[in-house]
Amino acid sequence: MRRDSKLSSILHLLLHMAHSERPLTSEELAGFLDTNPVLVRRTLAGLRERGYVGSGKGHGGGWVVTADLQQVTLRDIYEAVGSPTVFAMGNRMDNPECLVEKAVNQSLASAFEEAEALLIQRLSNVTLAELSERFNAEYAQHRGGNHEN
């Protein structure tokens, strides 16, 4: 099963936008992800509805971050992109008749719910500003000649 990378992709674009001194076009943003500009526009439109980004048309137009990076969390962005399913794993059948499978489902469902709740809580604890600070630190380290991975 293919991983859903929408959250990671949008965070990637938001950081590029936050560090750009000018609006970035859908084509430029699509280039960062090696994807289609239509997909970028469609996804960013949902963030625009929530006030996280804005867009301008015409010469000099493009996408910009409009939200306060200190106030927006990774959970906010996760929810803005539709709260994608966290785990690719799941129960074989939702309503099994087999008692063994029912027991398996109950155990797995409980574990999945706890793990998902923990992940979403962690997303609530990280702001876009913190991501930006991490990028700045990496960038400064890279420019300083330290190229260790």
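The structure displayed is predicted, hence computed values, not measured ones.

(A) Representation of the environment of L44 within the structure. When you line up the elements, L44 lands in helix α3 (residues 37-49). Expressed as a C-alpha distance, the spacing of L44 and S9, which sit 35 residues apart in the sequence, is 11 Å.

(B) Quick peek at the pairing of strand β1 (residues 53-56). Across 4 bridges, the pairing between β1 and strand β2 (residues 62-65) is antiparallel. Each bridged residue has a counterpart across the sheet, and for S55 the counterpart in β2 is W63. Here β1 folds back onto β2 in antiparallel fashion, the turn holding 5 residues, of which G58 has a positive phi close to 80°.

(C) Focus on the side chain of T127. Inspection of the secondary structure assignment puts T127 in the loop between α5 (99-124) and α6 (128-143). On the basis of relative accessible area, T127 is assigned to the buried category, the value being 12%. Each residue touching T127, except ones within four places of it in the same chain, is listed here: L69, Q70, V72 and T73.

(D) Examining the side chain of S132 more closely. Here S132 shows up in helix α6. Residue S132 is classed as buried on the basis of its relative accessible area, which comes to 9%. Here the side chain of S132 touches H19 through a polar contact of 2.8 Å, side chain to side chain. Apart from the residues within four sequence positions on either side, S132 is in contact with L15, H19 and L69.

(E) Region of the structure containing unusual backbone geometry. Although it is not a glycine, D34 sits at a positive phi angle of roughly 55°. With a phi close to 50°, S83 is a non-glycine residue in the positive phi region. Following the sequence through the fold, S83 ends up in the loop between α4 (74-80) and α5.

(F) View of helix α2 (residues 26-33). Residues of α2 that are buried: S26, L29 and A30. Projected down its long axis, α2 carries its buried residues within an arc of 100°, all on one side.

(G) Just the packing of aromatic side chains, in detail. Counting across every chain of the model gives 2 aromatic pairs. The interplanar angle of 25° and the centroid separation of 5.7 Å between the aromatic rings of F135 and Y139 together place this pair among those described as stacked. With F135 and Y139 both in helix α6 and 4 residues apart, this pair spans about one turn of that helix.

Criteria and thresholds
- Residues numbered from 1 in each chain as written.
- Predicted model: local features only at pLDDT ≥ 70, side-chain atom pairs only at ≥ 80, totals over all residues.
- Heavy atoms only, no water.
- Helix = DSSP H or I, 4+ residues; strand = E, 2+ residues; numbered from the N terminus.
- Pairing = 2+ DSSP bridges.
- Buried < 20%, exposed > 50% of the residue type's maximum accessible area, 1.4 Å probe, protein only.
- Contact = heavy atoms within 4.5 Å.
- Polar contact = N/O pair within 3.5 Å; in protein donor to acceptor, adjacent residues only side chain to side chain.
- Arc of directions from axis to C-beta.
- Phe/Tyr/Trp six-rings, centres within 6.5 Å; stacked < 30°, edge-to-face > 60°.

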